[in-house]
Structure formats: C-alpha cells, structure tokens
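Observations on chain architecture
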Number of protein chains: 2
Amino acid sequence: MTKNVYSFSEGNAEMKGLLGGKGANLAEMTRLGLPVPDGFTITTETCMTYLNNERMLTKDVQDEIELHLKQLEERSGKSLNDPENMMLLSVRSGSKFSMPGMMDTVLNLGLNDENVEHLARVTQDEEFAYDCYRRLLQMFGDVVYGIDGSHFENFLEFYKRKNRVKLDSELTADQLKEIVHEYKRIYLEIKKQAFPQNPKEQLFAAIEAVFSSWNNERANIYRKLHDISDDLGTAVNIQLMVFGNSGPNSGTGVAFTRNPSTGENKLFGEYLINAQGEDVVAGIRTPLPISELKTAMPEVYKQFFEMSETLEKHYQDMQDIEFTIENKKLYLLQTRNGKRTAHAAFKVAVDMVEEGLKTKEEAILSLDPHSVNQLLHPVFVEEALKSAELISTVGLPASPGSATGKICFDAAVAKEWSERGEKVILVRQETSPEDIGGMVVSQAIVTSRGGMTSHAAVVARGMGTCCVAGCSELEIDEFIKTVTYPKGVLKEGDIISVDGTNGDLYVGEVSLELSEKNEYFETVMAWSKEFSRLEVRMNAEMTSDIETGMAFEASGIGLVRTEHMFFAPERLIEMRRFILASNQEERNKALQTILGYQIDDFKEIFKTISGKSTVIRLLDPPLHEFVPSKEGDIRKIAEEMGVQYDYLQHRVNELHEINPMLGHRGCRLAVTYPELYIMQVEAIIRSAIELKKSSQMEVFPEIMIPLVGMEGELSSLRTKLENHINHIMDSEDCSVPFTLGTMIELPRACLIADELAKSADFFSFGTNDLTQMTFGFSRDDAAKYINQYLAEGVLPIDPFQTLDVTGVGELIKIAVEKTRKTKPDMKIGVCGELGGDPHSIEFFDQLGLDYVSCSPYRVPVAYLAAAKSGIRMKNK
Amino acid sequence: MTKNVYSFSEGNAEMKGLLGGKGANLAEMTRLGLPVPDGFTITTETCMTYLNNERMLTKDVQDEIELHLKQLEERSGKSLNDPENMMLLSVRSGSKFSMPGMMDTVLNLGLNDENVEHLARVTQDEEFAYDCYRRLLQMFGDVVYGIDGSHFENFLEFYKRKNRVKLDSELTADQLKEIVHEYKRIYLEIKKQAFPQNPKEQLFAAIEAVFSSWNNERANIYRKLHDISDDLGTAVNIQLMVFGNSGPNSGTGVAFTRNPSTGENKLFGEYLINAQGEDVVAGIRTPLPISELKTAMPEVYKQFFEMSETLEKHYQDMQDIEFTIENKKLYLLQTRNGKRTAHAAFKVAVDMVEEGLKTKEEAILSLDPHSVNQLLHPVFVEEALKSAELISTVGLPASPGSATGKICFDAAVAKEWSERGEKVILVRQETSPEDIGGMVVSQAIVTSRGGMTSHAAVVARGMGTCCVAGCSELEIDEFIKTVTYPKGVLKEGDIISVDGTNGDLYVGEVSLELSEKNEYFETVMAWSKEFSRLEVRMNAEMTSDIETGMAFEASGIGLVRTEHMFFAPERLIEMRRFILASNQEERNKALQTILGYQIDDFKEIFKTISGKSTVIRLLDPPLHEFVPSKEGDIRKIAEEMGVQYDYLQHRVNELHEINPMLGHRGCRLAVTYPELYIMQVEAIIRSAIELKKSSQMEVFPEIMIPLVGMEGELSSLRTKLENHINHIMDSEDCSVPFTLGTMIELPRACLIADELAKSADFFSFGTNDLTQMTFGFSRDDAAKYINQYLAEGVLPIDPFQTLDVTGVGELIKIAVEKTRKTKPDMKIGVCGELGGDPHSIEFFDQLGLDYVSCSPYRVPVAYLAAAKSGIRMKNK
C-alpha cells in the first residue's frame, strides 16, 4: 500500500520529491536534533492522486492522516479537542522546488468560538488568543474559502483608523473580538457559509485547499517561468503551532546564513517582535535587523547563530531559515538553500571552496550561468549621475543592478507595454504573487513598503531584476496612478532610473554602462575554463566587441558577419553600383573599390584578435537589403547615383522577394555572382598576406559559406574560391593558412551533412535559420503568435532562446552523426544565438561539438555553462 | 585484361551498357542472321577511360583496334590499303540510351585523293566515287576537325545555284571534283591543316572525335534533360560501308514496324533513292513513303517486310530500323525500339498484349506515365476553328496535340521568352541538335522542310510536344524574322495556333479544350488499377474538377482547399468583417454567415464525390491574403465596408508579414482564432448530418489540420474540435463518421511524427511546403536562381517537380518510420504537387504509403506510375 503520510522523524533531506522541499528539510532538521515543532507531511504523490481523482481524498488517505494526527496528539500530550491542552496546527504547502509565495499557508488551525476562550484563559492572554483567531479566520477565509483577502484587510485598516490604532499588536482584546465578529460576518456575506467550528473539518478543508492550490493560476505561471513540471504536486506539512505573537518575549523572523545581496559571510536577516508567520515576508511592518536580536535576547541569538552554522555546514550551502521565538524559546520552522544575487552567489561559491565546504566542481554546479548576465548588469555612468535629479535615497537596495524605464502601476499595463517594446518599471506599494507576470517583464521593481525579504525583494533577486524596496518616502497611489515624492509628482509613463545596488531613484533616463568584473567572477571563470571541454568563441566584427570578447578570453571568433561592413555610406554606394551595374565590367569596378575597404576591415580584425582562429562568413543577406524600398528614397538615391529613377525602381522591383528569408541569399548569391565571394576571399587572403609580409603576423582565417543546401553549391564554390586563392598566393609568392567550411542552417544541409563534409573543412550550425526552417517560423513575424503559444503551453520554450531539442536538436544530431561517419575529426561549431544559451550548450557539449560562439557578453555565460556540462558528463 | 573491342559476332542485345544500344543491336541482328554489314564495336568503357586519361588512346586499345581491323579485312577480303579491293568504313557513335542526333557519324572513311580514282574505276562510276569523297570531306571536317558544317553546305548551295543544279544527285563527276577541290581548300583555310590522306589516320582521328563528342554541349544538355548519367560514355561502331548512293537501284531509308503517330500495325517509313546515310533524317530532300518501295523493288520490299516482323517479334516491341539498298541488295544498319506518340504507345502496348507479344505487366512497364499528359493533350475547340484564319494545311502532322503561342525564330529567344512566362512556338526551316534548348521550352515546333522522321519530328514526338514539319508553303526567313505564307506575312512575336494532329496552322489564338479519351487509354487504366497498390485521390474542390477526377476513377478526394471557397465576393466581405472585427461578437456574426455558405459548399462536394472519402483541409493561408494591400483598394474597401480608412490601413499593416510563407497561417490561425476552425468543422459535420437526414447519404469527411509543427497544436485543436463536433451531433441527435488528421509539411512535423500520431487519425504529406522549408526555398522567389542551378547541375532535378529523395525524401522516410512505430496502421498519404509525379510516386509506393493525391488530370498519370511501381516491386 502506498504510504501517504510521513512523520518528520521518518523523512530526510533526500526526499524532496516525495515530501517537498519544506517537508524534507523539516525532517532533516528533526534528524539533526534541532528544535522543530513536531508534525508530519502528506506526500506530493497524494496531491497528484487527489487532483487526478476529481479532487477527492480517498478513505485510505483520510485514515492515514487521522492516524498521524492521533500519534501527534500522543507525542505532544495535546489534543484538537482538549480545551485545556489545546493542539493548534499550521498547515503549509511545500513542493519539490521552492516556489516562494506561490502556495498557501494556514496558521492557528483548530481554534473556534469556544476554545478561543479556553486559550485566553490557559495563556492568561485574551489579546493573544483573539489575535490568533482573527488571523486564522483571515487566512482560512482567503486560502480555503477563496474569500479575497482584501475584504479582511480593508476592514482591519478601517477599524484601526476609526479607533486610531497604528499597529495590529496594539489592538485590545475587545477590539479583536469585534474584528473577529466582523470577520465571521464576512464569511456569511461572501461565502454564504459560516466558519467551520469543528477543528478536524478545518484541517481537512485546509489540506484539500493546499492540494488544489497546486493548480492555481499564479502557480501555473511560476512553474512555466521556471520550467517546473506540472506533474510534481505539492506536499502538505502539518505542524504544531508555536506562537511568535504571544507577547514581547516572542517573535518571528527570517535569516540568511550569509548576506544574499553581497555574499558576505555574516548572518543576515530580520525579525519582528510579537508577530506571527507571514508578518515578516508580507512587509506590512518594517522588521528589525537580526543583529539587534543579539542585544534583545542574547541567549536566543547565540543559539540561533550556532544552529545556522550547523545547518550551513550540513547542507554545504547558504541557508535561508525561518524561525519563531515563543517566550524566549527558539523554534526552527524551515530551512532551505537561500536565493541570492549573482554577486552573492559568486562570492559564496568561491568562499565556500576556500572554506573547504565545497569542491570547485560543486561550486561551479551551484552557479546559474544566467546569473552571469546579472553580474555583468549595467551600472549608471558616473558622469551622468552628477546631473541627474534624485527622487529618493531611502529605499532598500533589494536586488542589484541599474535600469531605466517607464513607470507602470500594475502588472497588466507592464505586460502590455513591454510587449510593444517599451522598457517598464513596476512601481507598487508592495507586490504580491498576482503581480508576477508584470514583474517578469519589468526592468526594475520599486515598492514603498516591505523589507529586504519582502515578496518584491525575494522575487526580484531570484529573477536578477533590479529592485528598490520599502522606499517609504514615496506615496504611491495605484488608483489615480501617481507617485508623490518629496519634491514632486510622477505619473504613469514617466521615465525614472533605478539603482538596485544602493537603493537610489532618479527622475528621467540616466545613461548606463557595464559594471566592472570582480575577483570572484574571475576565479569562477578560471575554474570554468579548467572544466569545460567546449571552446567558446565570439560572434563579432567591430573592434570594440572583439576587445570585449578578448577580455572574456574567447578562444577566437566564431562568426564575422561581413555584411555589417557593407553598410557604411561610402561602401553602400559601391554595393549599389554593383547591384545596378548593367554589365560585368561595371560590376567588377564596384567590387574593386569594395575590395580595398574589405582588406582594411580584415586586417583590423586579424590584428585585434591577434592570431586566434577567425571564422569569416561570406555575404549572406539578399541584395534588396542594400537598395531603398520607398519611392522617396529611390528618387533620392537615383539622383545621388546618377541613374534614372525608372531604372532604379525597376531593379528594386526585380530584387523584391515575397519571402526574403527563403530567397536569393547566402551562397545562392555567389552561384549567380561568383565575383562577390571571389572579391571577399581575395580581401581575406590579401590582408593575411599583407600582415605576414609587413609584420610576420600569422593569422588563421576560416572562410565560411552560408546557406548551403546542396552538395553542388559547396563543391562548385569551393573550387572557384580555392582556384582564386591559389592564384593570389602564387602571384604574391606567399602562402597563408586558411580553411573553407560551411554553415549548416537548412534542414536539408543537416540531412546531407555526410556529403557536404566531403567539400568542407569545418561546419558551423546556424541555429537561427535552422530553427526558422524547421518550425516554418519567420522570426520577424512569429511574435504575433509565439507568446500565445508559450502562454498556452503549446510551446514549452521559445525555440529562438533555447534549443528545441526534439525537433531542431534532432536535425543537429542527425547532421553530426552523418558528418562523423565521413570525417570523424571534422571541426564542428555553433554560431547561432543559441550558442550562448546554457541549456543549449549542454546539448551541444553532449553531441561532442568543438565550440560554441556567441555575442561577446555571453562568452562568460557560455564558459560557465560549458563547465557545468563538462562536470556533469564526467560525473556520469 | 579489359576487352576493349567486340566484333559484331561477339556481342548481343543485353550488352547495351558496354556496346551502346546501336552496337548491341548490330550484334544481335548479326546473331539473328540478318544482313548486317560486318564490323566491330569499341566499348563505352574505353570511351570513359579515354576521357579520363586526358583524351589519350592507350597502346593496348590501339593494338586491339588494329587486330580487329585486320580480322575484318580478312573476313571481307577487302583492305584499307588495297585500291583494287577497297575497304571503306562507317564510324558511328552509340551510347546505352538512344540520343538521337546528339552524337556523330563519319561515312565513307578510307577514301583519299588517290584511291578515289580507283573506286571510280572499279565501280565504273566516277560520280559515285566523288560523291562519296565529298561527303567524307564534309562529315570528317565537321565531326573530327570541328569545321562548321555551314562552310561546306554554303559552298555546295552556291555552287549548285551557280551551275543551275537542283539536286545533289544531279551533280556531274567534274562538278563533284571541283567541289572536292574547294572542300580541301576549306580545310587549309579554317583548320590550317590538310585532310589526312592516310586511311588509318582518318580512322583513329574519327574514333577519338566520337569519344570526345560524349562531352559536347548538345550531348550534355540532352543528358540533363533526360536524366542520363554523364558517366556512361559512348561506344564506337566501325562497320563496312554499303552504298545507298551507288545509282538508281540503291537507296537508304528509315522505317517503323508500326505507325509511330497512331500505333497502327502497318509498316511506316520513308526512303530516298540514290542517297546515303543522313540524307533521310536531315530532311534536305523529301523522301518517298515506304509503301512505294513495294512497287519500285518488290523483292527488296518483301525481304524488308519479313525482316521487320522478325525484329519486332524478337524484341517484343515496335522497331525503328535503318536500312540501305546497294544495287538491290538490302542491308540493315540499325534497329531500336521506336519512339512514338502517346497515342501510338498506348495502342501498341494494348495490341501487343492482344497479339500475345507482351504480358499486361510488360505492356504497362513499356509506357511512360508522362505520356498520359500528351494523350490528354488539349485540342482546338470545334466552334473556335470555324472562324479561325488558316495559314496552311500542307504541313506534315509530325507530333500530335494542339498549341498556341508566339512565333520565335531561334532557340535563344524561345528560351528567354519562355523564362519570362510567355508561350512560344519555335518556327524554323529545319531544326538541328543546336536547337534542343529552344525546342524543350516551346509549345509547338513548326518547320518548312523535312519529313516525319526529320530531326524536328523525332525530337518533338519524344518530348510529347506538338509539331508540324515540312510545311513547304511557308517561306521562313530566320534572319529578318518573318514567315511568308500564301495570304500574308507573320513576324516574331505574332501568335499562331498549331495542330500537330492534322498539320494545320492558324493565325492568332484558337481556344483549346481537352481531347477525348480512347479505348486503349481506358484499357491501360483498367490494367493500371489492377497492378497498383497505392490509391490515387484527387486535389479538388470545384464541382467540375471533382467530376473530371471521378471520370478518371480517383478513389476519393485527397485535398479540398477550403480557402478557395472564401474568395467569392459575398464571402470575401464576411471574411473581411471577421478580420476587422473589434470584438468576439462581431467575429462570430461574420462567421455565422460564412458557416451557411460553407455548409452548402460541403454538401455540394459530398454529393459530387458520392460517398467516397474526402480530406478537407481547414483554412491555411495567412489572413492578409483576404485584405487589400494597395492604398486605392484599401480606400475602396473601407468605403464598401463602412469602416475608417485609417483603421483598415492599420489592420492591413498589422497583418503584413515579412515572410508570409513562414507566418501566421495554417493551424497557427486557429490557435489565435479557434472559432475559425470550429466554424469549419461545424459546416462539415452539419452538411454531413443534413445529407444523412434528407437523403440517407453516408459521407466520409476526413478533417485535416494544416501546418502542424508541435504536438500541442494538434492535441489542443483536436480536443476543441472534437468537443464541438460531439456537441453538434448530440444536439442534432445524429451521428456521422469523421476522422481528424494533419498535414505533415514542416521539417519538425516529420521529426516528431511519432508524437503527432498520438493525436491524429491520418497524415498527409504536403510536399510543396516541406520542400520549401527543407531547402529554404521560397517557391515564389526561387525562379530567380533555380533555373541556373538546374543548368549548372547544382540541382539535378527541380525539387518542386520531382521529389528530392536525398533531402525531402529522407525527412518523409523518417516521418513514416516514426509514425509506424506509434501507429503501424495509420493512414498516410501525399497531397502536395509531387503526388502526381511518377518518379516521386515510386518513392511513396516503396515507403508503403496508402495514397497519393494530385490534380484531376494527373490522376491517370499517377495510376500508371503506381502500377509500374507495383509491378517493379513484385518483380524484385
């Protein structure tokens, strides 16, 4: 028979799949002898069975829960039905992967109109008892009965204002009773149903609500966003209540074993006195830093400090710990690996290797390659800041990085604006899980309430989005859509600039530049190179980009897009002369001029890359990209070039294509105009020869022919180009090394890779075009439907951002297998966008490719991804 | 050691690969005891060795030729060097596949200034001897020395005119001597080299010239056109001369054992008295019908008639026989399977089965499916002919069919015009192998000279192009580009109409209609269905097209393109309302109206196809195809529809796509607007229900979703559509059969066919889109380079006309294998263009597909191709 329920003493940290992260860690802490309130966990499998069984708990499951409840009563000497020794429970969800704020919690479960009086009597604290009860009513109403939490909150706010009470903890017992009374009325009004007085009824309703919450919309979005399977389910943890709200010697808090923003090895956290559960993360009261606990309750602090060290050592990672103090007694309610900024992640990883807590391999595996992007986040230009108008400096630096964008006050507007290409900044009093869709698309998040562990802060750090939290100087009116700050008012759509690293906000747009690298990053990069089998090259042709890639130690250039060199005005005019020429002689004359420019281009590239291999792709785009398309432009250019308007218009029409992506481009141009590619290889070889002759510099051009789909294209072009190269080398009496290869970017090229290999020295996959052709997607047009596909789960991933392993990946696999049959040692790389995507890199590594090539700033991302892949493959 | 030379008695008809068709048949006729002048054949392998060995004959080959020459001298009692018993030779090429007029011939080889006198003396016929010599000079000069034949011909014409001689045979010995003298001067002037006097030197030079001619341009074009490998090579046949030009009791001719135009079982041919070799086919003198030989030389005729029967029985096919009569003695110089019109081919095939000469299977294998197109060639509309202005009725009906087009006088112009989409008719005095490129692209060929076996006639019949030959009323001036006919003058570009079935020519364009089928065609079709495993369906939605396909006994409809139903004005406006709607309600209203139309559409289709399976493809094209794109049209339509111009322009811009082929179309439309497909399936199911209720008619719709690339697309649409269908059937309380399947037309769909199969009842390959995506070719744009690709051999075939087995075929194979793994019995068909292409059909049959679907007129082509494939597979 399936076991559906585990008491904490039966589980351990390895059982995250079955018990959820929270349940497994509660069990593990129990095993370690740490002070965890007793309880048990209902498994994730039970959840899935429940959801698949038309949301019915089977008799077996009910019986098993009853049994564990009875055992818990026996162990604790308390009972749900004994008012003298009352057992109150917390019910919390917990799935395999951490989903902060996504699932739901009910505290103080077991209270009712009758036993709340007993509780008051036994604890001699009527305020405490009714505070617990009103919290239960509020949470249960929201989580179990789906009564919008604002009904309760709004009344509480109204009641406090009316009675001039500032803090919840200042409410008297009588006031709390009035609130409880009103809360029960809200049940009847909204739900047409009274609050259930039977504790066991409460418990089972809460369990079913937690299970059901697995399929709520916020959870679905979060899972989609984080690539978490819908089939995992959530566990339910049922645990004895401990009370942080039982007076001034009680409290509750959250702490990280190290600083999650900077990585500094120092306890970091916050707590609230006389508060319960969600009060800290909800950000309603501003909590105290954990360091103050040292003064307030030195014994408790010491105990917590030691336990946090124990946990970090045990888990070999920075921990995020929830605790509660009940009358000076410390309880741990949760521990998990702490989310952290990229800066912190790199520092923690390196520190832990130095502290002997992790090996280098483990450190690398603990890092997310995407976080490198965050590490290389832009910062404001020093000069620009001097003249920028400050909005506020009192906000908390909740997630580092800098950004500018337009103010949006709600998630829907943020999504809408960002979909039309605007940069937006979400500005709210506080955020809640409902805002997740808007947070994802924002450049930055600003809140006027909440601390460093508020929802906004935690989620922003997780996403690597910059965030300023708890900026109390701002008066944010989400309804009339204004932000009032000390010196003025901003409205929706106004541009602001946000510095998440120090918490400052500015009016208008402040220029950005890339942040400097730090020592931890350098160390991780050095290790990554040690463990990565794949070479990482860059896609670059501009000197500044090449220099950036060199700084990241790219092993060469994987893609020089020569067409980028044809658009400078003096070249464009020659290219147009070439296109408009009526005979070979005119064409040759235009090309001769371009040849001169191209020789300079390639010399510059070769000098900058100083002797590393350089893949140069010959001209790829269709010729119509070089001519104007609008009537006015055509008239202007015709005049400039001294040709008849009619003639130019005629040529433009001739060049027009219905589907340019599938048109006369790539090597097809060279089949029609071989002189184009001949000019380009001449430029490449002549520049190599000039550098060799003038400064003994040895360069390694790898000449790449794009869009090959037939063996005949490649073999005939190869012959023509090689003949010309040999002719130049003979006449210059100077030989330089070079290779000739092709891009594999058409489905057909994958299918005939064995044949193509005969005429190629290397292959490089062009994942952009290959993805377009394989899916039949035009990247320029797909935005119309691709977002909908992602939202509806028709597509699990955007195949232009992460390799579609099933389709495109299959073609790549076929190509590699066929190639290896003909030429086992052929050099094979990737130079499309996906060359810089971590998931895709792992796939390419497993296929045994030689290199990936990506934009210069993604080179370190790629190195880290390649290292992780290398380590995983070695560990297999 | 390789044997390079075979005497005729050593070979047989099976050795076509090694000895060429001509050599193998000469050997076979020798074996049959027929009167073939003695000789030997140098193999095709020797040719390839020669061509690959820098065009050098090895010592071994030379020795072997010398040996066979010696043996031939011994057998014949003649010698190259014995003026009393002079051996003269013919040297003729002959490759595995018949390449008429492509390769070259030299006759009378062995003559020189000295022995020509002896020949005159021995034969007592000076005219004959010098006629032979001038012919040798002319052919040798042209074939071996590359001296343009016009140099000789022009002089001969000039000389005859000057001396008022009409026919070559009227030239006196002295005149012929003067001509020989001038011919030898032409050698010195053009080639700067004298005619070689040594017979053996002549022989070896001729052999090398024949070998080299394998690679001449005409031969290359012909091979490309007929898909013949470049690696086969040509054999050389060396044979004792017999002389059709030795007086009035001699002659030469060509005859078919049956009529190659009609298939009638009656000897058909022509001959010329006192003529040699190429005189008949060159069409310079108009020959006599073979029936006249019966009167002229009854004995010879009887002998020839018997031999022709022997040959036909032996080869079990209609023969095309060349013969020469030397002083009343008959010699056979060649036999081969005769080229014939489609009409003849079908009649001969059926007759031969009836005569017991062939089995049904052999008869089917003997037919070319492409020839069905010719059989179904259009004919002029009777009514239209009555008012048409006749040009001439004296031309020979050289190749049947009717066509209209613009007059072109040379092949280059014909090619150029046809490439820009014009229909052209090539009009020439006579055609020659140089014209082949122009003949291929012409709708019809008209000549003023030459007979039924002239170059023009033979080539046109082979290609199924209509042809009127020897229309002597026309004065064609190819230089000033005019045709003068009895009643007027036509110039280049004028439109004429040509009836190749009766030889009539008309001024202007005469309307065409399809010819009636005949009994032989019906018989072959009946047999084809017997032997074809593949079903053949039609792509059709118009009633008249469906009726055509039904007449050809298509087994159902493989593709109804529903978008064709949206373009009638009253529907287009509703479709536009749908597209321009600003809310769901307006959209639904528009769809409701279209629903009504669609129900009528489908009822009409179901009634016409009367109970056969019908695959209906749901809407496929992008929405912008339904809105105007030009400003003027947008203004007009905006007014018509009562919407703001700006709004319509805005919507048009929104719908615009950069690459519509890869855009928002096919099932992607239905992911965005599910109501579109829901409306269509509702129309399908409602019309089925209505027919069932009103007339108990059972219909079998197979609903097909286009452009599926992801499992999620298909499964989610399937659920939505099935739900709706069930809802309709429930509410109508009537159940009708239906299936739901998908097109496989994206590379990715092929790669995930196993997954797609889970949600599909059938698959149908869309070869058009699949070819576009696999190659990255836009069919709309590819014309720009695809012709060049074909001309340069980069592409061996046009993949839009014949399946690219290597690339696209590989994807189809992958898809079929994956599908069969999931669903071994899934119905799989093809509905793209290639479903009607014979080569492609064989591939689909081998893969075990269930059906192909093609345009109605290709249904019989497909049946015949499927039958041939079925027979071949059974024979394996």
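Residues numbered from 1 in each chain as written. Chains lettered and ligands numbered in written order. Predicted model: local features only at pLDDT ≥ 70, side-chain atom pairs only at ≥ 80, totals over all residues. Heavy atoms only, no water.

A separate point is the overall build of chain A. Across its full length, chain A holds 35 helices and 31 strands. Its C-alpha atoms put chain A at 105 × 60 × 50 Å along the principal axes. For chain A, the residues scored as buried account for 59% of the 876 residues in total. Within chain A, residue pairs in contact and separated by at least 24 positions form 69% of the contacts whose partners lie at least 6 positions apart. A total of about 34,600 Å² of accessible surface is found on chain A, and carbon and sulfur atoms cover 48% of it. Both charge centroids of chain A, one from 93 positive and one from 132 negative side chains, sit 1 Å from each other. (Helix = DSSP H or I, 4+ residues; strand = E, 2+ residues; numbered from the N terminus. Buried < 20%, exposed > 50% of the residue type's maximum accessible area, 1.4 Å probe, protein only. Contact = heavy atoms within 4.5 Å. Areas by Shrake-Rupley, 256 points an atom, 1.4 Å probe, with all protein chains shown as cover. Lys, Arg positive; Asp, Glu negative; His and termini not counted. Charge placed at Lys NZ, Arg CZ, Asp CG, Glu CD.)

What follows concerns the sheet that holds strand β3 (residues 89–95) of chain B. Residues and elements named next belong to chain B. An order of β1-β2-β5-β3-β4 is seen for the five strands of this open sheet, with the pairing classed as antiparallel. In this open sheet, the two strands that pair with only one neighbour each are β1 (5–7) and β4 (105–109). Between one strand axis and the next, the sheet turns through 20° on average, direction left out of account. Across three bridges, β3 lies against β4 in antiparallel orientation. Among the inter-strand pairings, Val91 is bridged to a residue of β4, identified as Val106. Helix α3 (residues 59–76) contacts β1, β2 (39–42), β3 and β5 (234–240) of the sheet and is inclined by roughly 165° relative to β2. Together, β2, β3, β4 and β5 form the strand contacts of helix α8 (residues 199–213), whose direction differs from that of β5 by roughly 150°. (Pairing = 2+ DSSP bridges. Axes fitted to C-alpha atoms, helices over the stretch in contact; angles between N-to-C directions.)

Every contact between the two is made by 47 residues of chain A and, on the other side, 47 residues of chain B. Between chain A and chain B, a total of about 4,100 Å² is buried, with carbon and sulfur atoms accounting for 59% of that surface. Counting every contact that joins chain A to chain B gives two salt bridges. A salt bridge links Arg748 of chain A to Asp804 of chain B; its shortest N-O distance comes to 2.5 Å. Inspection of the chain A/chain B interface yields 22 residue pairs in polar contact (both at pLDDT 80 or more). For the side of chain A that touches chain B, the secondary structure elements donating two or more residues are α25 (645–655), α26 (667–672), α28 (711–732), α29 (747–751), α31 (767–775), α32 (783–791) and α33 (805–822) of chain A. In terms of residue count, α33 of chain A provides more of the side of chain A that touches chain B than any other element does, six residues in total. (Buried area = accessible area lost by both parts, 1.4 Å probe. Salt bridge = Lys/Arg side-chain N within 4 Å of Asp/Glu carboxyl O. Polar contact = N/O pair within 3.5 Å; in protein donor to acceptor, adjacent residues only side chain to side chain.)

Residue and element names in this part refer to chain B. Counted by the stated rule, this structure contains 50 aromatic pairs over all chains. Judged by centre distance (5.0 Å) and plane angle (85°), the rings of Phe128 and Phe243 are edge-to-face. On the criterion of sequence distance, the pair formed by Phe128 in helix α5 (residues 126–143) and Phe243 in the loop between β5 and β6 (251–256) is long-range, its members being 115 residues apart. Phe243 gets classed as buried once you look at its relative accessible area, which sits at 10%. Between Phe256 and Phe268, the aromatic rings sit 6.5 Å apart at their centres with planes inclined by 55°, giving tilted as the arrangement. Remark: Phe268 occurs in strand β7 (residues 268–273) and Phe256 occurs in strand β6; sequence separation between them is twelve residues. (Phe/Tyr/Trp six-rings, centres within 6.5 Å; stacked < 30°, edge-to-face > 60°.)

The subject of this paragraph is the nonpolar core. Side chains that are nonpolar tend, in soluble globular proteins, to be buried together. Grouped together as the largest cluster of nonpolar side chains are 278 residues, with contacts concentrated most on Phe765 of chain A together with Phe765 of chain B. Excluding residues within four positions of it along the chain, Phe765 of chain B makes contact with Ile744, Cys750, Leu770, Ile812, Ala815, Val816, Ile828, Gly829, Val830, Cys831, Gly832 and Leu849 of chain B. Membership of the second largest hydrophobic core comes to 91 residues, among which are Leu89, Val165, Ile179 and Trp417 of chain B. (Core = buried A, V, L, I, M, F, W, Y, C linked by side-chain atoms within 4.5 Å.)

What follows deals with the sheet that holds strand β4 (residues 105–109) of chain A. Residues and elements named next belong to chain A. Ordered by their spatial adjacency, five strands build an open sheet running β1-β2-β5-β3-β4, and the pairing between neighbours is antiparallel. Because the sheet does not close on itself, it has two edges, and the strands there are β1 (5–7) and β4. Put simply, the sheet's adjacent strands are angled 20° from each other on average, direction ignored. With three bridges joining them, β1 and strand β2 (residues 39–42) adopt antiparallel strand pairing. Bridging across to β2, Tyr6 finds its partner in Thr41.

This part is about the UniProt feature "binding site: Mg(2+)" (unreviewed entry) in chain A. All names here are of chain A. As recorded in UniProt, the feature "binding site: Mg(2+)" (unreviewed entry) lies at Glu745 and Asp769. Their sequence span is 25 residues, while the largest C-alpha to C-alpha distance among them is just 5.5 Å; these annotated residues converge on one region. Inspection of the secondary structure assignment puts Glu745 in the loop between β28 (739–744) and α29. Excluding its chain neighbours within four sequence positions, the residues that come into contact with Glu745 are Pro706, Leu707, Gly766, Asp769, Leu770 and Met773. A polar side-chain atom of Glu745 sits 2.6 Å from the main-chain amide nitrogen of Leu707. In this fold, Asp769 is placed in helix α31. (UniProt positions renumbered as here; feature names shortened; annotations may be inferred.)

In this section: helix α23 (residues 584–609) of chain B. All names here are of chain B. With 26 residues, α23 should cover 38 Å at 1.5 Å per step; its first-to-last C-alpha distance of 36 Å lies within 8% of that length. Near the N-terminus of α23, the side chain that reaches the backbone nitrogen of Glu585, with its oxygen 3.1 Å away, is that of Asn583. Backbone geometry just after α23 places Ser610 at a positive phi near 35°. (Expected span 1.5 Å × (residues − 1).)

In this section: the relation of the copies chain A and chain B. At an RMSD of 0.1 Å, chain A and chain B line up after a rotation of 180° and a shift of 0.2 Å along the axis. In symmetry terms, the pair is related by a two-fold rotation axis. Taking the C-alpha atom as reference, chain A places Asn659 of chain A closest to the rotation axis, 2.2 Å from it. Comparing contact sets, 100% of the residues at the interface of chain A also lie at the interface in chain B, consistent with an isologous, same-surface contact. (Least-squares fit on C-alpha atoms with pLDDT ≥ 70 in both.)

Right, let's talk about helix α24 (residues 631–641) of chain B for a bit. Residues and elements named next belong to chain B. Where α24 is concerned, the buried positions are Ile634, Ile637, Ala638 and Met641. The buried side chains of α24 occupy one side of the element, clustering within an arc of 105° when seen end-on. In α24, the exposed positions angled more than 90 degrees off the buried face are occupied by Lys636 and Glu639. The inward-facing, buried residues of α24 abut α22 (569–580) and α25 (645–655). Phi turns positive, to about 70°, at Gly642, one or two residues after α24. (Arc of directions from axis to C-beta.)

Our focus in this paragraph is the confidence of the model for chain A. When pLDDT is averaged along chain A, the result is 90; 98% of the residues meet or exceed 70. This complex was scored by the predictor with a pTM of 0.79 and an ipTM of 0.78. (pLDDT = per-residue confidence, 0-100.)

Turning our attention to the pattern of salt bridges. Tallied over the entire structure, the rule returns 116 salt bridges over all chains. Note that Glu182 of chain B and Arg185 of chain B form a salt bridge whose closest N and O atoms lie 2.9 Å from each other. Taken together, the residues span about one helical turn, with Glu182 of chain B and Arg185 of chain B both in helix α7 (residues 173–191) at a distance of three residues. Note that Asp620 of chain B is salt-bridged to Arg665 of chain B, the shortest N-O span being 3.3 Å. Here the residue Asp620 of chain B occupies a position in the loop between β26 (613–617) and α24, and Arg665 of chain B occupies one in the loop between α25 and α26 (667–672), the gap between them amounting to 45 residues. Linked by salt bridges that have partners in common, Asp131, Arg134, Arg135, Glu157, Lys160 and Asp168 of chain A make up one network.

On to the environment of Val61 of chain A. All names here are of chain A. Turning to its location among the elements, Val61 is positioned in helix α3 (residues 59–76). Put simply, Val61 and Tyr50 are eleven residues apart on the chain and 9.6 Å apart in space, counted from C-alpha to C-alpha. Contact partners of Val61, with chain neighbours within four places excluded, come to Asn4 and Thr46.

This paragraph deals with the packing of α5 of chain B against α7 of chain B. Residue and element names in this part refer to chain B. For the pair α5 and α7, the least separation of the axes is 9 Å and the interaxial angle reads 20°. Between α5 and α7, the angle is such that the two are roughly parallel. Considering the relative orientation of α5 and α7, their crossing is left-handed. Residues Glu126, Glu127, Tyr130, Asp131, Tyr133, Arg134, Leu137, Gln138, Phe140 and Gly141 of α5 touch α7, and the partners they reach there are Ala173, Leu176, Lys177, Ile179, Val180, Tyr183, Lys184 and Tyr187. Across the contact of α5 with α7, the residue classes break down as ten nonpolar, two polar and six charged. (Parallel < 35°, antiparallel > 145°, perpendicular 65-115°, else oblique. Left-handed = near helix turned anticlockwise from the far one by under 90°. Nonpolar A, V, L, I, M, F, W, Y, C, P; charged D, E, K, R; others polar.)

What follows deals with the packing of α31 of chain A against α33 of chain A. Residues and elements named next belong to chain A. For the pair α31 and α33, interaxial distance at closest approach is 9 Å and the crossing angle is 115°. Considering how the two elements wind past one another, α31 and α33 form a crossing that is right-handed. Residues Thr767, Leu770, Thr771, Thr774 and Phe775 of α31 lie in contact with α33, whose contacting residues are Gly807, Val808, Leu811 and Ile812. Considering only residue class, the contact of α31 with α33 consists of five nonpolar, four polar and no charged.

All names here are of chain B. With respect to the element layout, Ser687 can be found in helix α27 (residues 674–695). The exposure class assigned to Ser687 is buried, which follows from its relative accessible area of 0%. A distance of 2.9 Å separates a polar side-chain atom of Ser687 from the backbone oxygen of Ala683.

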